[in-house]
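Fold and contact review
Listed below are the residues making up each chain.
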Amino acid sequence: MDTLADRAMAAYREVTRESRFVPYFRVATPGIELGSLQIGSRPARRKAGGGLSGLRAIPWIFAWSQTRLLLPAWLGIETAVQDAVDEGGLPELREMAANWPFFRSTLSLLELALAKADERIAARYDALLVPVELAGIGEGLRARLKQMRSVLLELLDQDELLETDPTLQRSLQLRRAYLDPINLIQAELLRRQRKTDDAQLQDALLATVNGIAAGLKNTG
């Protein structure tokens, strides 16, 4: 577990400390707009500046949830687990999942987050909001998300996410019919809002923020 934690942290920092990552975050998510919607009890940032260090944890997670990438929930874990599998550690990982409640609970939370994530939706945000010079960041993150899903299913010895909880699986499938269109509307609203300061657009954007949070049943 210590090895997994160290490798996951190193991979997470490698991505988030890359010079283009913060500019990508600012354009690919509604992180900036969340600070002006007055939906939290405190400012989105602890201090002025454009870096991640001053950003509060809740808007950081909330922004990625809105785009359905849910990056803070899994980034780095895909690298750590894949490395362990490649080194022949799959039997031990499965034993940990079967016999260690803490590890199993952690995997269950990860599985739920991945079930809510959707790289196709995240790609739509990128297509509308991200300039060409930053597009590679999003492509890389979505590839990591696919890897995370694949390696987790291998670890759990499952064909699909939440297959051991069909009730929850069905609930998420039903919500997607309402949630996905709201995401697509939000991405378009962000594109328009960034071109003009319009109160009606801001009200509509706030409605989509609430709708997505309700559909996911979590904010940050």
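Residues numbered from 1 in each chain as written. Predicted model: local features only at pLDDT ≥ 70, side-chain atom pairs only at ≥ 80, totals over all residues. Heavy atoms only, no water.

**Notes on the packing of helix H9 (residues 119-129) against helix H10 (residues 135-156)**
Close contact between H9 and H10 brings their axes to 10 Å; oriented N to C, the two are set at 175°. Taken together, the axes of H9 and H10 are roughly antiparallel relative to one another. Between H9 and H10, the contacting residues are Glu119, Ala122, Ala123 and Asp126 on the first element and Gly138, Arg142, Leu145, Lys146 and Arg149 on the second. (Axes fitted to C-alpha atoms, helices over the stretch in contact; angles between N-to-C directions. Helix = DSSP H or I, 4+ residues; strand = E, 2+ residues; numbered from the N terminus. Parallel < 35°, antiparallel > 145°, perpendicular 65-115°, else oblique. Contact = heavy atoms within 4.5 Å.)

**Focus on the nonpolar core**
One broad trend across soluble globular proteins is that nonpolar side chains are buried collectively. One finds Trp64, Leu93 and Leu141 to be the most contacted residues of the largest nonpolar core, which totals 50 residues. It is H10 that contributes the most residues to this core, nine residues altogether. In this structure, Leu93 is in contact with Leu4, Val81, Ala84, Val85, Phe103 and Leu155, ignoring residues within four places of it in sequence. Counting eleven residues, the second-largest nonpolar core is a separate cluster that includes Leu179, Leu189, Leu190 and Ile212. (Core = buried A, V, L, I, M, F, W, Y, C linked by side-chain atoms within 4.5 Å. Buried < 20%, exposed > 50% of the residue type's maximum accessible area, 1.4 Å probe, protein only.)

**What about the side chain of Lys116?**
With respect to the secondary-structure elements, Lys116 resides in helix H8 (residues 101-116). The buried charged residue Lys116 lacks any salt bridge partner; its closest oppositely charged side chain belongs to Asp165, at an N-O distance of 12 Å. Ignoring sequence-local partners within four residues, the contact set of Lys116 consists of Arg68, Leu70, Leu172, Arg176, Leu216 and Asn218. (Lys, Arg positive; Asp, Glu negative; His and termini not counted. Salt bridge = Lys/Arg side-chain N within 4 Å of Asp/Glu carboxyl O.)

**Notes on the environment of Ala143**
Mapped onto the elements, Ala143 comes out in helix H10. The exposure class of Ala143 is partly exposed, given its relative accessible area of 45%. Between the alpha carbons of Ala143 and Glu119 there is a distance of 8.6 Å; along the sequence they are 24 residues apart.

**What about empty space enclosed by the protein?**
Evaluated as defined, the whole model comprises two cavities of 30 Å³ or more. Roughly 60 Å³ of internal volume is contained in the largest cavity. Arg68, Ala115, Lys116, Leu172, Arg175, Arg176, Leu179, Gly215 and Leu216 are the residues that line the largest cavity. Mapped onto the lining of the largest cavity, the elements with two or more residues apiece are H8, helix H11 (166-193) and helix H12 (199-216). (1 Å grid on protein atoms, 1.4 Å probe; cavity = no way out; pocket = protein on both sides within 12 Å on 5 of 7 lines; lining within 4 Å. Points joined across faces, edges and corners; volume = space filled by probe spheres on them.)

**Some points on the pattern of salt bridges**
Applying the stated criterion to the full structure yields twelve salt bridges. For the salt bridge of Glu33 with Arg194, the shortest nitrogen-to-oxygen distance reads 2.8 Å. Pair noted here: Glu33 is in helix H3 (residues 31-34) and Arg194 is in the loop between H11 and H12, with a separation of 161 residues, a long-range link. By relative accessible area, Glu33 is classed as buried at 9%. Here Asp157 and Arg94 are joined by a salt bridge, their closest N and O atoms 3.9 Å apart. Here Asp157 is found in the loop between H10 and H11, whereas its partner Arg94 is found in helix H7 (residues 90-99), with 63 residues between them in sequence. Asp157 gets classed as exposed once you look at its relative accessible area, which sits at 58%. Several salt bridges converge on common partners, so that one network encompasses Asp118, Arg120 and Arg176.

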